[in-house]
Amino acid sequence: QVQLVESGGGLVQAGGSLRLSCAPSGTIFSIYAMDWYRQAPKKQRELVARITSGGSTNYADSVKGRFTISRDNAKNTVYLQMNSLKPEDTAVYYCRVDALRYYGDRPSIYWGQGTQVTVSS
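Scope of this entry: the structure provided in the associated data block. Keep in mind that what you see is a predicted model, and the values were worked out from it rather than measured.

Conventions adopted
- Residues numbered from 1 in each chain as written.
- Predicted model: local features only at pLDDT ≥ 70, side-chain atom pairs only at ≥ 80, totals over all residues.
- Heavy atoms only, no water.
- Helix = DSSP H or I, 4+ residues; strand = E, 2+ residues; numbered from the N terminus.
- Contact = heavy atoms within 4.5 Å.
- Phe/Tyr/Trp six-rings, centres within 6.5 Å; stacked < 30°, edge-to-face > 60°.
- Buried < 20%, exposed > 50% of the residue type's maximum accessible area, 1.4 Å probe, protein only.
- Polar contact = N/O pair within 3.5 Å; in protein donor to acceptor, adjacent residues only side chain to side chain.
- Salt bridge = Lys/Arg side-chain N within 4 Å of Asp/Glu carboxyl O.

1. Regarding the environment of Ala99
By the secondary structure assignment, Ala99 is in strand E9 (residues 91-100). Note: C-alpha distance between Ala99 and Gly55 (44 residues apart in sequence) is 15 Å. Sequence-distant contacts of Ala99, that is, excluding residues within four places in its chain, are made with Ile28, Ser30, Ile31, Arg106, Pro107, Ser108 and Tyr110.

Printed below as a string of structure tokens:
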């Protein structure tokens, strides 16, 4: 029913940049928060960045000053601008959205399919 479509991953050299995007495939009534997580092989999935409905943002210490999360409210799209990429940023990046499908709906969690980001040294 509700799917999140991610794009923008790829292979870059250290110091390079990528911009990830995530958007619902269908109309969503409202969104409470949009997050980016990442997971490296054999490691726990971790929160990278979050943006709330009020526009406040939060970042993992490891990416502060390098990554920027933003949103386009008209498109219900969230972006992650990643600059000064390091090899340790290599992971599968997942979009996560807390949203209502319609008025009166309960908040539900939706995950993107993941997009691979690989940073070479």
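2. So, the packing of aromatic side chains
Under the counting rule described, the total for this entry stands at 3 aromatic pairs. With a centroid separation of 6.0 Å and 75° between ring planes, the pair formed by Phe29 and Tyr103 is classed as edge-to-face. Taken together, the positions of Phe29 in the loop between strand E3 (18-24) and strand E4 (30-39) and Tyr103 in the loop between E9 and strand E10 (108-111) put the pair 74 residues apart, joining distant regions of the chain. The partly exposed category is assigned to Phe29, whose relative accessible area is 48%. By relative accessible area, Tyr103 is classed as exposed at 71%. Feature note: the residues Tyr37, Tyr94 and Trp111 constitute an aromatic cluster, connected by ring pairs.

3. A closer look at the environment of Glu6
Here Glu6 is to be found in strand E1 (residues 4-7). Note on Glu6: relative accessible area 6%, which makes it buried. Spatially, the C-alpha atoms of Glu6 and Arg66 are 20 Å apart, while their sequence positions differ by 60 residues. Residues in contact with Glu6, not counting those within four places in the same chain, are Ser21, Cys22, Trp36, Tyr93, Tyr94, Cys95, Gly112, Gln113, Gly114 and Thr115. There is a polar contact of 2.8 Å between the side chain of Glu6 and the backbone nitrogen of Cys95.

4. Looking at the pattern of salt bridges
Using the criterion set out here, one finds 8 salt bridges in the structure. With a closest N to O distance of 3.1 Å, Asp35 and Arg96 form a salt bridge. Of this pair, Asp35 sits in strand E4 while Arg96 sits in strand E9, placing them 61 residues apart in sequence. Exposure class is identical for Asp35 and Arg96. Each is buried. Close ionic contact of Glu46 with Arg38 constitutes a salt bridge, the shortest N to O distance being 2.8 Å.

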